[in-house]
Amino acid sequence: MADAELNRLAQEHRVATRYTDWRGQETEVSDDTLRAVLTALGADVSTPAAVRETLARVEEEKRSRLLPPILFQRAGRREALQIPWGARGPDEVWLDMANRGSVQLHATSVRTRDGLLKQYHLPPGTPHGWHRVRVRVRSLWREESAPLLLTPARLEVPSRAWGFTTQLYSVRSKESWGIGDLHDLADLASWSGRDLGAGFILVNPLHATEPVTPIGPSPYSPMSRRFASPLYLRVEDVPEYAALPARDRERISVLATKAKPRDGTGREGGALLDRDAAWEAKREALEVLFAVPRSAERQRAYEWYRHREGAPLTAFATWSALSEEHGADWRRWPHELRDAENPAVAHAAKRLEDRVEFHAWLQWQLDEQLAQAQAAARESGMPIGIMHDLAVGVHPGSADAWMYRPMFAPGMSVGAPPDEFNQKGQNWGQPPWHPGRLADAAYLPFRGMLAAALRHGGGLRLDHAMQISRLWWVPEGASADEGTYVYYDREAMLSTLVWEAAQAGAVVVGEDLGTVEPGVRDDLAERGVLGTSLLWFERDAEGRPKKPEDWRESSLATVGTHDMPPIAGFLHGDHIELRERLGLLTRPVEEETADHARQLADWLHLLHEEELLDTTPEDILDALKEGSIDHDAEVTAALHAFLAYTPCRLVGVSLADAVGERRTQNQPGTTDEYPNWRIPLGDSEGDPVYLEELPGAPMLETTLAPFQPPSG
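No experiment lies behind these values; they were computed from the predicted model shown.

So, how was this worked out
- Residues numbered from 1 in each chain as written.
- Predicted model: local features only at pLDDT ≥ 70, side-chain atom pairs only at ≥ 80, totals over all residues.
- Heavy atoms only, no water.
- 1 Å grid on protein atoms, 1.4 Å probe; cavity = no way out; pocket = protein on both sides within 12 Å on 5 of 7 lines; lining within 4 Å.
- Points joined across faces, edges and corners; volume = space filled by probe spheres on them.
- Helix = DSSP H or I, 4+ residues; strand = E, 2+ residues; numbered from the N terminus.
- Nonpolar A, V, L, I, M, F, W, Y, C, P; charged D, E, K, R; others polar.
- Expected span 1.5 Å × (residues − 1).
- Contact = heavy atoms within 4.5 Å.
- pLDDT = per-residue confidence, 0-100.
- Phe/Tyr/Trp six-rings, centres within 6.5 Å; stacked < 30°, edge-to-face > 60°.
- Buried < 20%, exposed > 50% of the residue type's maximum accessible area, 1.4 Å probe, protein only.
- Lys NZ or Arg CZ within 6 Å of the ring centre and 35° of its normal.
- Pairing = 2+ DSSP bridges.
- Axes fitted to C-alpha atoms, helices over the stretch in contact; angles between N-to-C directions.
- Patch = residues over 30% accessible without salt bridge, like charges linked within 9 Å, V, L, I, M, F, W, Y side chains within 5 Å.
- Areas by Shrake-Rupley, 256 points an atom, 1.4 Å probe, with all protein chains shown as cover.
- Salt bridge = Lys/Arg side-chain N within 4 Å of Asp/Glu carboxyl O.
- Lys, Arg positive; Asp, Glu negative; His and termini not counted.
- Charge placed at Lys NZ, Arg CZ, Asp CG, Glu CD.

1. Focus: empty space enclosed by the protein
Piece 1. Counting across every chain of the model gives five cavities of 30 Å³ or more.
Piece 2. Volume-wise, the largest cavity comes out at about 590 Å³.
Piece 3. Around the largest cavity sit 40 residues that line it, and Thr-165, Gln-167, Thr-561, His-562 and Ser-654 are the ones nearest its centre.
Piece 4. Within the residue set of the lining of the largest cavity, elements represented by two or more residues are strand 11 (161-166), strand 12 (200-203), strand 22 (531-534), strand 23 (555-558), strand 24 (650-654) and helix 20 (655-658).
Piece 5. Classifying every residue of the lining of the largest cavity by side-chain character gives 19 nonpolar, 15 polar and six charged.
Piece 6. Roughly 300 Å³ of internal volume is contained in the second largest cavity.
Piece 7. In this structure, the second largest cavity is lined by 20 residues; those nearest its centre are Arg-226, Ala-228, Leu-370, Ala-452 and Ala-453.
Piece 8. Classifying every residue of the lining of the second largest cavity gives nine nonpolar, four polar and seven charged.

Next comes the structure, spelled out in structure tokens:
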């Protein structure tokens, strides 16, 4: 009986008690996992009696509530707002429209499986955006209200376009301080849009990192998803730089020289990226610029920015200042500082006022340089411009986890269940949103994060797009395969995403790879959110490579991802050699190599059938066995020509592929065993390729030929 009641309580909290694994088999979730997850959600499951009492309370709250925490409606739909009706049902329902006053809504009754419902249609001409619904029960002297978001039915589908995909930190110019920065991004966008006809540039997440060294290399484990990393600032582009006296300019020049990559005869610029060295130099230079008095106009602009960003910026800057004293993990701070609302935090912020101001000022500089990069992209003719990437979560000791601590589920981590490639599952070490508390907060943290990501971009990639519907929660101390799915309000989160993107006029791409919940891809497509199609993974029901005409139109098509080797590395099986060396293979290397050869042969034959290869597949495979690179450029060009043949709305060309790079940016399953996220852009020999050298890169012209207009 207790187990049955535990399962009922889990279902009330939208926690999966069973799931279908990657083999198609039904898997039961253990009671221990259910108890841990329910405890994180705030339920008392300490005893069978506690489970019964909690279940009764949840069911009573569900019966007595007049409105859900938040309401969503799509414009143009006939469906009306539905509100439960019964002994405690409302007598009056009012719509408080933003800037348009209030209007009473009138109902029609419908009977459903859940009982009698009253339907309320919104007045014609109700504008898109946020409104409020109020309900009143006169007999009980009760009134409740909830926000209502009326969204466009779907986002506009973009015209066909191609663009570069790249890890910005790896794309260095001769002027950047050891790390690719926002000036480099603006230059890359200007050149590729103006001279090559690119429609967008997709970059890695530019989220905030630690404000003190050491800085974690992964852009997918940030300190904040709402704010950006000052590592990407170009120091010389800060307007106050022009007012510096000669002595300070010389000081900054010395710092820049230390941080900039060297490109002498030793090609020392090919060394691994050093974020710590880059940030130490930049921070000292930015401190100098921060001390420069601002003009009245600049001060007004800064004050306007501070007002626009409000309390979240102050909280983030406070976390940054405290991190300078106590380290960039709030879980190790003095106890009284771990709660952002504790009065001790306010006292500390007052004491550190200048440091708080400095970190807020850094975000202002980022806001300006991000805007300049997008402006450069659009001025080059790009219809989309910069497409930003939104990570699925944050580091557990991060600013976001501190600022929004009640919004996260304690003792839980997001990951993925076992699959064919990760048979022990994955634990990403990132705390998940608490679904109920996020809804009660009208999704404000989520909304703010989306608005910030879209403010200075024409597109957004949503990493692990399934985050809008369900996440795999792993209890602290458990293995990754001992988790379960926790469901979110898909309509709510998707509507919020659509609204923020519509406000910005932006394109949204959802990374919908791997295990995807049924219906998610259809819902994304219905709302105008593009999916993701990876060439190496696109196979039909019989395991054969999909022909170009069979690819879905509503997607961004690429050959691979940052978790895979570039094309040249893949052709030569570099990933197999690397995984064998690191002990990551789950079967004998001979089997892995043979399977890779079969898959590669399948693709080469299809490319040849489509008349995209001049050389026969057999000759290419023989050459690869001998270690020859003679056909790397030909195959790379053919693969991108194949993508151009598909109906996909967007096609991404990895900048690493376009210059012949063989090294992967990230090897899943490793931390320090491989230099993840620290590989500078280089050619097939690993020699650095700088931004200024891209126009003359040997493989660039043939790789991009399918996307260029016919000559003459």
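Now that the structure has been shown, we can carry on.
2. Thoughts on helix 17 (residues 589-609)
Piece 1. Taking 1.5 Å as the rise per residue, helix 17 with 21 residues should run 30 Å; its terminal C-alpha atoms sit 30 Å apart, in good agreement.
Piece 2. Packed against the buried residues of helix 17 are helix 15 (567-571), helix 16 (574-581), helix 18 (617-625) and helix 19 (632-645).
Piece 3. Immediately downstream of helix 17, the backbone of Glu-611 shows phi near 60°, a positive value.

3. So, the confidence of the model for the protein
Piece 1. Per-residue confidence for the protein gives a mean pLDDT of 92; residues scoring 70 or more make up 96%.
Piece 2. Under a pLDDT of 50 for its full length, residues 263-269 has, in the predicted model, 14 contacts with residues more than four places off or in other chains.

4. Some details on the packing of aromatic side chains
Piece 1. Applying the stated rule across the entire model yields 21 aromatic pairs.
Piece 2. A ring pair is formed by Trp-333 and Trp-402, whose centres lie 5.6 Å apart and whose planes are at 65°; its orientation type is edge-to-face. Of this pair, Trp-333 sits in the loop between helix 7 (296-326) and helix 8 (343-351) while Trp-402 sits in helix 10 (residues 399-403), and the two are 69 residues apart along the sequence.
Piece 3. By relative accessible area, Trp-402 is classed as buried at 1%.
Piece 4. Taking the centre distance of 5.0 Å and the plane angle of 75° together, the rings of Trp-472 and Tyr-485 count as edge-to-face. Here Tyr-485 lies in strand 20 (residues 484-487) and Trp-472 lies in strand 19 (residues 470-475), a separation of 13 residues in the sequence. The exposure classification of Trp-472 matches that of Tyr-485, with both residues buried.
Piece 5. Through a chain of ring-to-ring contacts, the aromatic side chains of Trp-536, Trp-551, Phe-570, Trp-603 and Phe-642 assemble into a single cluster.
Piece 6. Here the basic side chain of Arg-275 rests over the ring of Tyr-169, its NZ or CZ set 4.5 Å away from the ring centre.
Piece 7. In this structure, Arg-470 is placed above the aromatic ring of Tyr-485, and the distance from its NZ or CZ to the ring centre is 3.6 Å.

5. Some points on the pairing of strand 5 (residues 92-97)
Piece 1. Of all six residues in strand 5, five are buried, a share of seventy percent or more.
Piece 2. Pairing analysis gives five bridges linking strand 5 to strand 9 (residues 129-137), with the strands arranged antiparallel. Bridge pairing in strand 9 links Val-93 to Val-135.
Piece 3. Here five bridges tie strand 5 to strand 6 (residues 101-105), and the two strands are oriented antiparallel to one another. Residue Asp-96 lies in a different strand from strand 6, and its bridge partner there is Ser-102.
Piece 4. The turn linking strand 5 back onto strand 6 is made up of three residues, and Asn-99 within it adopts a positive phi angle of 65°.

6. Looking at the sheet that holds strand 22
Piece 1. Judged by pairing direction, the sheet is parallel, and its eight strands sit side by side in the order 21-18-15-12-11-24-23-22 without closing on themselves. Strands with a single pairing partner mark the edges of an open sheet, and in this sheet they are strand 21 (507-510) and strand 22. Between one strand and the next, the sheet's axes are offset by a mean angle of 25°, whatever the strand orientation.
Piece 2. Taken together, the four bridges between strand 11 and strand 12 define a ladder with parallel strand orientation. Each bridged residue has a counterpart across the sheet, and for Phe-164 the counterpart in strand 12 is Ile-201.
Piece 3. Sheet contacts for helix 12 (residues 444-455): strand 15 (385-390) and strand 18 (459-462); angle to strand 18, the most-contacted strand, approximately 130°.

7. Things to note about unusual backbone geometry
Piece 1. A cis geometry characterises the amide bond from Thr-213 onward to Pro-214, with omega recorded as 0°.
Piece 2. With respect to the helices and strands, Pro-214 occurs in the loop between strand 13 (207-208) and strand 14 (224-228).
Piece 3. The residue Tyr-443 is not glycine, and still its phi comes out positive at about 60°.
Piece 4. For Tyr-443, the location among the structural elements is in the loop between helix 11 (435-440) and helix 12.
Piece 5. For Tyr-443, a relative accessible area of 3% gives the class buried.
Piece 6. At Glu-611, a residue that is not glycine, the phi angle is positive and equals roughly 60°.
Piece 7. Relative to the assigned elements, Glu-611 resides in the loop between helix 17 and helix 18.

8. Considering a negative patch on the surface
Piece 1. A surface patch of negative charge is lined by Glu-577, Glu-580, Glu-590 and Glu-591.
Piece 2. Where the negative patch is concerned, the elements lending two or more residues are helix 16 and helix 17.
Piece 3. For Glu-590, the position within the fold is in helix 17.
Piece 4. On the basis of relative accessibility, which here comes to 57%, the residue Glu-590 falls in the exposed class.

9. Details of the pairing of strand 22
Piece 1. On strand 22, burial covers both faces: Gly-531 and Ser-533 on one face and Thr-532 and Leu-534 on the other are all buried.
Piece 2. Inspection of the sheet shows strand 22 paired to strand 23 by four bridges, in the parallel sense. Its bridge partner lying in strand 23, Ser-533 is registered against Ala-557.

10. Examining the sheet that holds strand 19
The strands that make up a sheet are held in pairs by hydrogen bonds between backbone atoms, and each pair lies either parallel or antiparallel.
Piece 1. Within the open sheet, the four strands sit side by side as 17-16-19-20. Their pairing is antiparallel. In the strand order of this sheet, the two ends are held by strand 17 (426-430) and strand 20, each with one partner. Strand-to-strand twist of the sheet, defined as the mean angle between neighbouring strand axes without regard to direction, takes the value 50°.
Piece 2. In terms of strand pairing, strand 16 (residues 412-416) meets strand 17 through three bridges, oriented antiparallel. Looking at the pairing, Val-414 lines up with Gln-430 of strand 17.
Piece 3. Running over the sheet, helix 2 (residues 31-40) touches strand 16, strand 19 and strand 20 and is turned about 110° from strand 19.

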